[in-house]
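In case you want the letters, here they are:
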Amino acid sequence: MRAGRCSTIEGFHERVRQMGKRSPLRAIAVTVERASSLTAAERGAILAAVADLKTLDGPLIPILHRIQETLGFVPPDAVPLVASELNLSRAEVHGVLTFYHYFRSKPAGRHVFHLCRAEACQSVGAAALEAHARKTLGIAFHETTADGAVSLEPVYCLGNCALGPSVMVDHRLEGRVSPRRFDELVAAARSVA
């Protein structure tokens, strides 16, 4: 054994005791990360999205879109996995997820209602429709009703300006939506499982 080296843990502790207060050893705080809550299927879907798209220029947004298309949302525990696979920091991935309102970190309801909040729709009653939707559903934007049937999301133009206020229900565009028509759309959505 070379001078200053210890071959066993007992030898290490003895050396520390001998060094007394002059010890050059310092305690280093270690943060233990919690275990991922991803299921095997979710982890597989995330890794498949990364593998399929990581060769694109600027692959992060297409990968996040693929994850959301596959899982219905981007789980918070996907952030470190995607960051690691793309050699990005977690902050970079988190920043993109939180900057773009389209990405969800929780599962959406069975039906997603996107209400247009652009100026053209606002000028023909979208603010009143938004207030009605919030009151009727009992939720705010980015939330889902207690029964899991409807999620309410803002969108900043659906390209249907001449027929505002506009709403997209799932992937179906609706124009000239009044509060009464909104209630009809919600009832129709809830009647479909």
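Everything below is about the structure shown above.
If you're wondering where the values come from, they're calculated on a predicted model, not measured in any experiment.

> How do you make sense of the packing of helix α3 (residues 60-71) against helix α5 (residues 90-99) when you look at a structure like this?
In a pair of packed helices, the angle between the axes and the distance between the axes together describe the arrangement. The N-to-C vectors of α3 and α5 enclose an angle of 65°; their axes lie 11 Å apart at closest approach. Between α3 and α5 lies a crossing whose hand is right-handed. Counting all contacts with α3, which are made through L60, I61 and L64, the residues of α5 involved are E92, V93, V96 and L97. The class makeup of the residues in the contact of α3 with α5 is six nonpolar, no polar and one charged.

> Would you mind showing me how to read the pairing of strand β3 (residues 150-155) here?
When a strand is regular, its side chains alternate between the sheet's two faces. With six of six residues buried, β3 is to be regarded as a mostly interior element. Burial along β3 is two-sided: the face carrying V150, L152 and P154 and the face carrying S151, E153 and V155 are both buried. As paired strands, strand β1 (residues 111-116) and β3 are joined by six bridges and run parallel to one another. Residue C116 lies in a different strand from β3, and its bridge partner there is V155. With two bridges joining them, strand β2 (residues 143-144) and β3 adopt antiparallel strand pairing. Counted as the bridge partner of E143 is L152 from β3. Linking β2 back to β3 in an antiparallel pair, the connection comprises five residues, with G148 at a positive phi of about 75°.

> Would you mind going over the packing of helix α2 (residues 40-53) against α3 with me for this structure?
Put simply, α2 and α3 touch, their axes get as near as 9 Å, and they point 145° apart. Along this stretch, α2 crosses α3, giving a crossing that reads as right-handed. In this structure, α2 uses E42, A45, I46, A49, V50, D52 and L53 to contact α3, whose residues at the interface are P62, I63, R66, I67, T70 and L71. Along the lines of polarity and charge, the residues of the contact of α2 with α3 split into nine nonpolar, one polar and three charged.

> Please clarify how the pattern of salt bridges should be interpreted in this entry.
By the definition in use, this model includes eight salt bridges. Where R134 meets E130, a salt bridge forms, and the shortest distance between an N and an O atom there is 3.2 Å. One end of the pair, R134, and the other, E130, are both in helix α7 (residues 126-137), four residues apart, so they sit about a helical turn from each other. By relative accessible area, R134 is classed as partly exposed at 31%. Overall, E130 belongs to the buried group, its relative accessible area being 12%. Several salt bridges share partner residues, and in doing so they unite R172, E174, R180, R181 and E184 into one network.

> Looking at this model, I keep getting lost on the layout of surface pockets. Mind explaining?
Here the idea is plain: a probe the size of a water molecule rolls over the atoms and shows the empty space left. Of the voids in this model, the largest pocket is the one considered here, and its volume is about 350 Å³. If you go around the largest pocket, you meet 20 residues; those closest to its centre are F103, R104, S105, K106 and H142. Listed by contribution, the elements that provide at least two residues to the lining of the largest pocket are α5, β2 and β3. For the lining of the largest pocket, the residue count by class is nine nonpolar, seven polar and four charged. The computed volume of the second largest pocket comes to approximately 260 Å³. Taken together, the elements giving at least two residues each to the lining of the second largest pocket come down to α3 and β1. Ranked by the residues each element gives to the lining of the second largest pocket, the list is headed by α3, at three residues.

Parameters at a glance
Residues numbered from 1 in each chain as written. Predicted model: local features only at pLDDT ≥ 70, side-chain atom pairs only at ≥ 80, totals over all residues. Heavy atoms only, no water. Axes fitted to C-alpha atoms, helices over the stretch in contact; angles between N-to-C directions. Helix = DSSP H or I, 4+ residues; strand = E, 2+ residues; numbered from the N terminus. Left-handed = near helix turned anticlockwise from the far one by under 90°. Contact = heavy atoms within 4.5 Å. Nonpolar A, V, L, I, M, F, W, Y, C, P; charged D, E, K, R; others polar. Buried < 20%, exposed > 50% of the residue type's maximum accessible area, 1.4 Å probe, protein only. Pairing = 2+ DSSP bridges. Salt bridge = Lys/Arg side-chain N within 4 Å of Asp/Glu carboxyl O. 1 Å grid on protein atoms, 1.4 Å probe; cavity = no way out; pocket = protein on both sides within 12 Å on 5 of 7 lines; lining within 4 Å. Points joined across faces, edges and corners; volume = space filled by probe spheres on them.

Keep in mind these numbers describe shape, not what the thing actually does.
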